[in-house]
Each structure stands twice: as C-alpha cells, then as structure tokens.
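# Notes for the structure review
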Amino acid sequence: IKKIGVLTSGGDAPGMNAAIRAVVREGLHNGLEVYGIYDGYAGLHANNIKKLERDSVSDVINHGGTFLGSARFPEFKEESVRREAIKNLNEHGIDALVVIGGDGSYMGASKLTEMGYPCIGIPGTIDNDIPGTTYTIGFDTALTTVVEAVDRLRDTSASHKRISIVEIMGRYCGDLTLGAAVAGGMEFVAVPEMEYSDEALINEIQAGITKGKTHMLVAVCEHMTNISSLAKKVEEVTGRETRATVLGHVQRGGAPTPQDRIIATRMGSYAVKLLLQGEGGRCVGLMNSQMVHHDIIDCINNMKRPFSDELWDLSFSMF
Ligand code: ADP
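Attention here is on the structure that accompanies the text.

What counts, and at which threshold
Residues numbered from 1 in each chain as written. Predicted model: local features only at pLDDT ≥ 70, side-chain atom pairs only at ≥ 80, totals over all residues. Heavy atoms only, no water. Helix = DSSP H or I, 4+ residues; strand = E, 2+ residues; numbered from the N terminus. Buried < 20%, exposed > 50% of the residue type's maximum accessible area, 1.4 Å probe, protein only. Contact = heavy atoms within 4.5 Å. Areas by Shrake-Rupley, 256 points an atom, 1.4 Å probe, with all protein chains shown as cover. Pairing = 2+ DSSP bridges. Core = buried A, V, L, I, M, F, W, Y, C linked by side-chain atoms within 4.5 Å. Phe/Tyr/Trp six-rings, centres within 6.5 Å; stacked < 30°, edge-to-face > 60°. Axes fitted to C-alpha atoms, helices over the stretch in contact; angles between N-to-C directions. Parallel < 35°, antiparallel > 145°, perpendicular 65-115°, else oblique. Left-handed = near helix turned anticlockwise from the far one by under 90°. Nonpolar A, V, L, I, M, F, W, Y, C, P; charged D, E, K, R; others polar.

## Description of the overall build of the protein chain
Tallying secondary structure elements over the protein chain gives 11 helices and 11 strands in all. Taken along the three principal axes of its C-alpha coordinates, the protein chain extends 70 × 35 × 35 Å. Here the protein chain holds 319 residues, and the buried ones make up 53% of them. Considering only contacts within the protein chain whose residues lie at least 6 apart along the sequence, 73% involve residues at least 24 apart. For the protein chain, the accessible surface area stands at approximately 13,700 Å², while carbon and sulfur atoms represent 49% of it.

Structure (structure tokens):
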C-alpha cells in the first residue's frame, strides 16, 4: 500500500486528534501518503478529502474534539452511497482507510470491508461501549470531567443537605457512570447492565436517610429514567430537597488526559502497522495492557463487552 485515508465518525471524543496525528505520523514515517477525510462518512461521500502533511497535525495532541470534523450520516447504510465513497477513495488512489469512532462507525467500516475495501477501526468514544477492547479513546478524559463535576455537586449538596441526582453519559454502557460513582464516592448508582426501577432506588435512598445520611449523590446512566421526574418523586417520598443535574455534552469536550493521548497514539500507530502488514477488516483494541486486533465484523456481531462486577460490588460496600 502507498496511500491511506483517515476519518473520525459518530460522537466525538477527546483524544481523537491524538489518534489522527499518530496515523499521519506513523504513515509518513513508513513512506506512505496520508489523506484526511473531513466530516466522517458524509465527507467520504462528498469527496471532501485532502492530503495531510507532517505539520497538518502539529499542535493537535492537546486538543479535544477532532480537527477532521465528525458527522452522523445515516445514508451510509445504503450500498449505492458506499459505492460512491469507494469510487472517491479509488480516484485518489487511497488503498485503505482508518476509521476512528464508535460502534456505528465500525458498522460503516465493516460494510466497506465486506465490499472489498480494507478498513481498520480504532475505538473512539467516551462511552467505553465497544467490544474487542477494554478501553475506548476519550473515556478517561470524560471520567475526569464527570468526577470534577460530582466533586462540585458534593460541596453544595453537603452544605444544603440535599440529594443530588446526576445523569451521566454512556449510551447503554454503565462504565462511565460506575467509574464516576466509585471515584466520586457517590451513594447510589444505576447502570443499564443491572436491573433498575425508580421505586427500588427511592427505597434505597429512604434507607440511606434512616441510616442517618444528611445528603446523597446518585449516579444514573442516561436513557434509564427521567431524572427530573425522579427528583420530584424522591422529594415527595423523602421530604428532602432533591436536585437533578444532566451533565450533557460538557462530558464530550476538553483537553485529553495523558492516558487518552498515550492510548490514542498507540492505537493510531498500531492501525498503520497492521495495514503495512497487509491486514484489513480489523479493529484495534487494548487488552491486558497490550495492543490487539480482531476481525471487525466478528467483533461487532459476536464479541461482548465485559462489565466490571468488582466495581459494581464496590459501589455497594462503600455505601
Ligand atoms: P458512533 O460511531 O459514535 O457509534 P453512530 O452510531 O452515529 O456513531 O455512527 C456513525 C456513522 O456511522 C453513522 O452516521 C453512519 O454514517 C455510519 N453507520 C452507522 N451504522 C451503519 C451501518 N449499519 N451501515 C453503514 N454505516 C453505518
């Protein structure tokens, strides 16, 4: 191979820039030409492709977001749209593509691979919800942001003896919520991997009050319940002032932590090395501190993400 492309797709995550930089620098280091595809699969279809040089990725390692831009582009599910995308890549003479994104982006990459165009997936999402890896780029930065917010909420909850319910991102993966609950010393945690009902949670909060707790922090993963209504119900049942805070998109921004920069750099470099070895249709992962790769189609269809029972148990014993 002589020319490779790189794109970021789906929800952005801090550390994506570090991954792009690593793909570019490792590629150039090995005599490849590297092309940036702007705005994910939308840009691939619109032929928004530009050659990247060494200095195209200067001063990006410390910045959140992705300088290539990202997009949701459902049209990519249509084969005719993907065929045009492949035509654009062929016109530029680009032999293979590195896709940095979440599981939706992996789907796009696996579909291109099935059509005979080699892609390598790099897991980039704050949600940590991708199979084939124990870590996704952006998770540590988001966790740091969430814990900082929780610490601030603890200050004011303690002063006012309030109950504070915090909605944390993660789509259908509880890792960010659970990590924040343990690191933030939060009293209750609700994650999609475990059974949940508003009533059971309210009973637990009531038990906490009986135990003598004056204020409490509750971590709830997004898509599980409406935390504004939950806060009202908690207030009605317990008689304690209760506030709901949806952290929202602040969790997606900010300078990547050193861990995210290092893992992104390792993954970006590893993806290029795989392409140089003639691999295609793979996705990169981190397992037991080592870089690993799996078949991207098998990964999406068959592999499962592990859930940390240890952290789940801790969230109870620390109560
Ligand atoms: P993420 O990659 O963060 O999971 P999305 O689920 O929005 O984000 O996926 C990102 C993009 O990947 C979509 O906008 C679409 O262009 C592409 N994509 C998602 N699912 C498929 C699919 N089944 N086939 C082809 N492309 C897909």
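## Digging into the pairing of strand 8 (residues 216-221)
Counting buried residues along strand 8, six of its six residues qualify, which places the element largely inside the surrounding structure. The side-chain alternation of strand 8 yields two buried faces, one formed by Met216, Val218 and Val220 and the other by Leu217, Ala219 and Cys221. Strand direction decides the pairing type here: strand 6 (residues 163-168) and strand 8, joined by six bridges, are parallel. Within strand 8, the residue paired with Val166 across the bridge is Ala219. Judged from the three bridges that link them, strand 7 (residues 188-190) and strand 8 form a sheet pairing that is parallel. Bridging across to strand 8, Ala190 finds its partner in Val220.

## Re the nonpolar core
Ranked by size, the top nonpolar core spans 58 residues in total, and within it Val6, Ile122, Leu176 and Val284 carry the most contacts. When sequence neighbours within four positions are dropped, the list of residues in contact with Ile122 reads Val23, Val98, Val99, Ile100, Gly101, Tyr106, Ile137, Met267, Gly268, Ala271 and Val284. With 24 residues, the next largest nonpolar core counts Ile37, Tyr41, Phe73 and Leu97 among its residues.

## So, the packing of aromatic side chains
Under the defined criterion, the tally for this structure stands at five aromatic pairs. Between the aromatic rings of Tyr41 and Phe76, the centroid separation amounts to 4.1 Å while the plane-to-plane angle is 15°, which identifies the pairing as stacked. With Tyr41 in helix 2 (residues 40-45) and Phe76 in the loop between strand 3 (49-52) and helix 3 (79-92), this residue pair connects regions lying 35 residues apart in the sequence. By relative accessible area, which is 6% here, Tyr41 ends up buried. With a centroid separation of 6.5 Å and 45° between ring planes, the pair formed by Phe73 and Phe76 is classed as tilted. We note that Phe73, like Phe76, is buried.

## Description of the packing of helix 7 (residues 198-210) against helix 8 (residues 227-238)
With their axes 10 Å apart at the nearest point, helix 7 and helix 8 run at an angle of 45° to one another. Here helix 8 runs oblique to helix 7, going by the angle between their axes. As helix 7 runs across helix 8, the sense of the crossing is right-handed. Across from Asp198, Glu199, Leu201, Ile202, Ile205, Gln206 and Ile209 in helix 7, the residues of helix 8 making contact are Leu230, Lys233, Val234, Val237 and Thr238. Taken together, the residues that form the contact of helix 7 with helix 8 break down as seven nonpolar, two polar and three charged.

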